Amino acid sequence: MRQKKLSKKVDKLERKAEKLAAKASAKGGELAGQAQAKGRQLSDRAAVKMGVKEEETSGRKGLFALVAAAAAGLGFFLKKKREQELDEALWEEPRAL
């Protein structure tokens, strides 16, 4: 009887240990990815300071392109809607030729 209780406790502890090992492995992978990203960032910064590589400056260009694309899409949508309204108005009240 005592042996059975001990084996149940051991099984329970083994399952907990497996769960903890899986969590640790996942966290380790996450931290390794973050470390790699930080390493690339620091090596790029060092290359810029040494003059080997130029610093990237893309800040406002991407934002401007996004705003311009959104404005063009809105203009296109409004133009199509206006054309549709004009077509409907022509069908409702045709003019005498």
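Just so it is clear, the structure is predicted and the values come from calculations on it, not from any experiment. Within each chain, residue numbers correspond to sequence positions counted from 1 in written order. Confidence filtering applies because this is a predicted model: local features only for residues at pLDDT of at least 70, side-chain atom pairs given and counted only at 80 or more, and all residues used for totals across whole chains, interfaces and linings. Water and hydrogen atoms were dropped before computing side-chain values, which therefore reflect all heavy atoms in the structure.

> Please provide a residue-by-residue account of the overall build of the protein chain, values included.
Each helix and strand in the protein chain was counted, giving two helices and zero strands. Residue burial in the protein chain is summarised as follows: out of 97 residues, 1% are buried. Carbon and sulfur atoms provide 60% of the accessible area of the protein chain, an area that totals close to 9,700 Å². The helix and strand labels rest on DSSP assignments: H or I over at least four residues marks a helix, E over at least two residues marks a strand, and numbering proceeds from the N terminus. Three exposure classes are used, based on accessible area relative to the maximum for each residue type with a 1.4 Å probe and protein chains only: buried under 20%, partly exposed in between, and exposed over 50%. Shrake-Rupley sampling with a 1.4 Å probe provides the accessible areas, and residues are treated as covered by the protein chains on show and by no other component.

> Please give an account of helix H1 (residues 2-50) that cites residues and values.
A rise of 1.5 Å per residue sets the reference length of H1, with its 49 residues, at 72 Å; its end C-alpha atoms lie 70 Å apart and thus fit the reference within 8%. Looking one or two residues past H1, Gly51 carries a phi angle of roughly 90 degrees, positive in sign. The span you would expect from a helix comes to 1.5 Å times its residue count less one.

> Go over a negative patch on the surface, please, and point to the residues and values.
Like-charged residues are merged into a patch within 9 Å and nonpolar side chains (Val, Leu, Ile, Met, Phe, Trp, Tyr) within 5 Å, provided each residue has over 30% relative accessible area and no salt bridge. Salt bridge, as applied in this entry: a Lys or Arg side-chain nitrogen positioned within 4 Å of an Asp or Glu carboxyl oxygen. Neither His nor the chain termini are counted; the positive set is Lys and Arg, and the negative set is Asp and Glu. To locate a charge, the coordinates of NZ of Lys, CZ of Arg, CG of Asp or CD of Glu are taken. A cluster of like negative charges, contributed by Glu83, Glu85, Asp87, Glu88 and Glu92, occupies part of the molecular surface. Among the secondary structure elements, Asp87 is positioned in helix H2 (residues 59-92). Owing to a relative accessible area of 45%, Asp87 belongs among the partly exposed residues under this scheme.

> Now, about a positive patch on the surface: what can you tell me, with residues and values included?
A surface patch of like charges, here positive, comprises Lys12, Arg15, Lys16, Lys19 and Lys23. By the element assignment, Lys16 lies in helix H1.

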